[in-house]
Amino acid sequence: MKGFSDRSFPKAILHFDGDSFFASVEQAMNYKLRGKPIVTGAERGAATALSIEAKRLGLNRGMSMKDIRAKCPEVIVVSSDYTSYSVYARRMYAIVRRYTSLVEEYSIDECFADITGLRPMYGMRYEEIALMIKSDLERSLGITFGVGLGPSKVVAKIGSKFRKPGGFTPIPAKEVQNFLKDIPVGNLWGVGFAQALKLQNLGIVTALDFAQKDEAWLRAHHIAKPYREIWYELRGGSARELATEHRGSTDIGSIIKTRTFSPPSPQRAFVLAQLSKNIERACFKARKHGVKTGAVGVMLKTQDFLYRNAEVPLPVPTNDPAYVLKHVQKHFDRMFVPNILYRATGISLRSIVGEKAATLDLFGETLKVEENSKLLDAVDGLNKRYGKETIGLALSLKAVSHHEPDRQRQNSRRTSFVPLPIEQRKKTIDLPFLGMAH
Ligand SMILES: [Mg+2]
């Protein structure tokens, strides 16, 4: 690859943009959707994202689901799953942060990274560092990214859009203007409709027209500061810093599973089994996303809509349901009040971290938890093959048959499977379960 001199990138800013992000996440999570035309947004009746295959059929985001279905009946329409998209976004930020601490979490499918001055550390040129991060993202997430390298955010963003999908475009400071003649000024990042109209009235149609004006012209036409900054960056400078603070972890990245049951139940074993089922589902999702949780929230809801909540910190991050359940159970004993009717339980996995980010602790608890992960992989494989929840925690099976007589309470203390009705037994493989401590 042709190298650029130091003056090419007085600052080296990267912009990463996930291709067809929501649709790509759906395809990354479900191999059956790969290579197929996918549209997300079923719940709102309009397309939110289209897979590359759907775009190739001539579909676009402005179309209603009705029109999409009429035009291309073969399209697969799925509901949005923002929890999963958020998890993928967090994984994207975390991967880029392995290479530089200066990362701006710009949106659910985009981020900026500042790699200025990192060439000696990696022994690579900026283009090579960019490609290294790009391929790590694509390998780890199973999604392609458009990537731009430039001397500023505005230019990096032009680069990531330049070759879609999956392209990489480095734009050195001196060459910025070569990229601007086909970009309408209103398509520049940060130029809204009103400002685009104003600039057009001043005879500026393309980004290049704008870049070629001089400072006197900007002053004479009272161009406001944000647009002066864009102008400055189009000329190879850098006016905008990255906003590198982490976004709050509460708004994105928690995995929540709740379930209401009917009729409401006063039975301890049954309510705990319901909770256990939710823990399994949440942990299954965490494993699917390659993340772990360092703390969980537990919720019980009574017939009278009273809520009892507990926050349960975990000694080490995990996605093992048996481990989570072991810690949740102590709190459950305190939360559960006998002789009232419960109608729902819920679990939320908080402080989510990437699987690899979970560090070893001093007392080897991590290793103990890791031992189970091979078995969990096998469980996930079987469940995938024979249907969801073929294998589960013995305790959760209580949740399958509702309102057992109280004498069965004893059973909940056992680690073996509770007998199931025939039609469910068919699908159940009799593996002794995962070393639950009771
Ligand atoms: Mg995108």
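Structure's up top.
In this text, all values refer to a predicted model and were calculated from it rather than measured experimentally.

Draft legend 1. Here's a closer look at the overall build of the protein chain. Of the regular secondary structure elements, the protein chain holds 15 helices and twelve strands. Taken over 438 residues, the protein chain has a buried fraction of 37%. Residue pairs at least 24 apart in sequence account for 65% of intrachain contacts in the protein chain once pairs closer than 6 positions are excluded.

Draft legend 2. Quick look at the packing of helix H1 (residues 21-29) against helix H4 (residues 82-97). Packing of H1 against H4 leaves a shortest axis separation of 10 Å and a crossing angle of 95°. On the basis of their axis angle, the class for H1 and H4 is roughly perpendicular. Between H1 and H4, the contacting residues are Phe-21, Phe-22, Val-25 and Met-29 on the first element and Ser-84, Tyr-85 and Tyr-88 on the second. In the contact of H1 with H4, the residues fall into six nonpolar, one polar and no charged.

Draft legend 3. Focus on the sheet that holds strand E4 (residues 76-78). Here we have three strands laid out as an open sheet, ordered E3-E2-E4, and mixed in their pairing. Whereas interior strands pair on both sides, the edge strands pair on one side only; in this sheet they are strand E3 (49-50) and E4. Where strand E2 (residues 38-40) lies against E3, two bridges are found, and the strand directions are antiparallel. Directly across from Val-39, in E3, lies its bridge partner Leu-50.

Draft legend 4. Focus on H4. Between its terminal C-alpha atoms H4 stretches 22 Å, which fits the 22 Å expected from 16 residues at 1.5 Å a residue. Residues of H4 that are buried: Tyr-85, Val-87, Tyr-88, Ala-89, Arg-90, Arg-91, Met-92, Tyr-93, Ile-95 and Val-96.

Draft legend 5. The arrangement of the pairing of strand E5 (residues 103-107) in detail. As judged from the four bridges shared by E5 and strand E6 (residues 110-114), these two strands associate in the antiparallel manner. Across the sheet, Glu-105 pairs through a bridge with Cys-111, a residue of E6. Count of turn residues in the E5/E6 antiparallel hairpin: two residues.

Draft legend 6. Local environment of helix H6 (residues 126-141). If you check H6, its first and last C-alpha atoms are 22 Å apart, about what 16 residues at 1.5 Å a residue would give, namely 22 Å. Of the residues making up H6, those classed as buried are Tyr-126, Glu-127, Ile-129, Ala-130, Ile-133, Lys-134, Leu-137 and Leu-141. Down the axis of H6, the smallest arc covering the buried residues is 165°, so these residues share one side. For H6, the exposed residues set more than 90 degrees away from the buried face come down to Ser-135 and Arg-139. Considering only its buried residues, H6 is in contact with strand E1 (13-18), H1, H4, helix H5 (119-122), strand E7 (145-150) and strand E8 (168-170). Downstream of H6 by a residue or two, Gly-142 has a phi angle that is positive, lying close to 70°.

Draft legend 7. Expanded view of the environment of Lys-285. Mapped onto the secondary structure, Lys-285 falls in helix H12 (residues 268-289). Taking C-alpha positions, Lys-285 is 9.7 Å from Lys-257, a pair spaced 28 residues apart along the chain.

Draft legend 8. Geometry of unusual backbone geometry. Between Lys-164 and Pro-165 the backbone carries a cis peptide bond, its omega angle lying at -10°. Along the polypeptide, Pro-165 turns up in the loop between helix H7 (153-162) and E8. For the bond running from Ser-262 to Pro-263, omega is 0°, close enough to zero to count as cis. Turning to its location among the elements, Pro-263 is positioned in strand E9 (residues 255-265). Residues other than glycine seldom take positive phi values, yet Phe-305 does so here, at roughly 60°.

Criteria and thresholds
- Residues numbered from 1 in each chain as written.
- Predicted model: local features only at pLDDT ≥ 70, side-chain atom pairs only at ≥ 80, totals over all residues.
- Helix = DSSP H or I, 4+ residues; strand = E, 2+ residues; numbered from the N terminus.
- Buried ≥ 20, exposed ≤ 12 C-beta atoms within 10 Å, placed from the backbone.
- Contact = placed C-beta atoms within 7 Å.
- Axes fitted to C-alpha atoms, helices over the stretch in contact; angles between N-to-C directions.
- Parallel < 35°, antiparallel > 145°, perpendicular 65-115°, else oblique.
- Nonpolar A, V, L, I, M, F, W, Y, C, P; charged D, E, K, R; others polar.
- Pairing = 2+ DSSP bridges.
- Expected span 1.5 Å × (residues − 1).
- Arc of directions from axis to C-beta.

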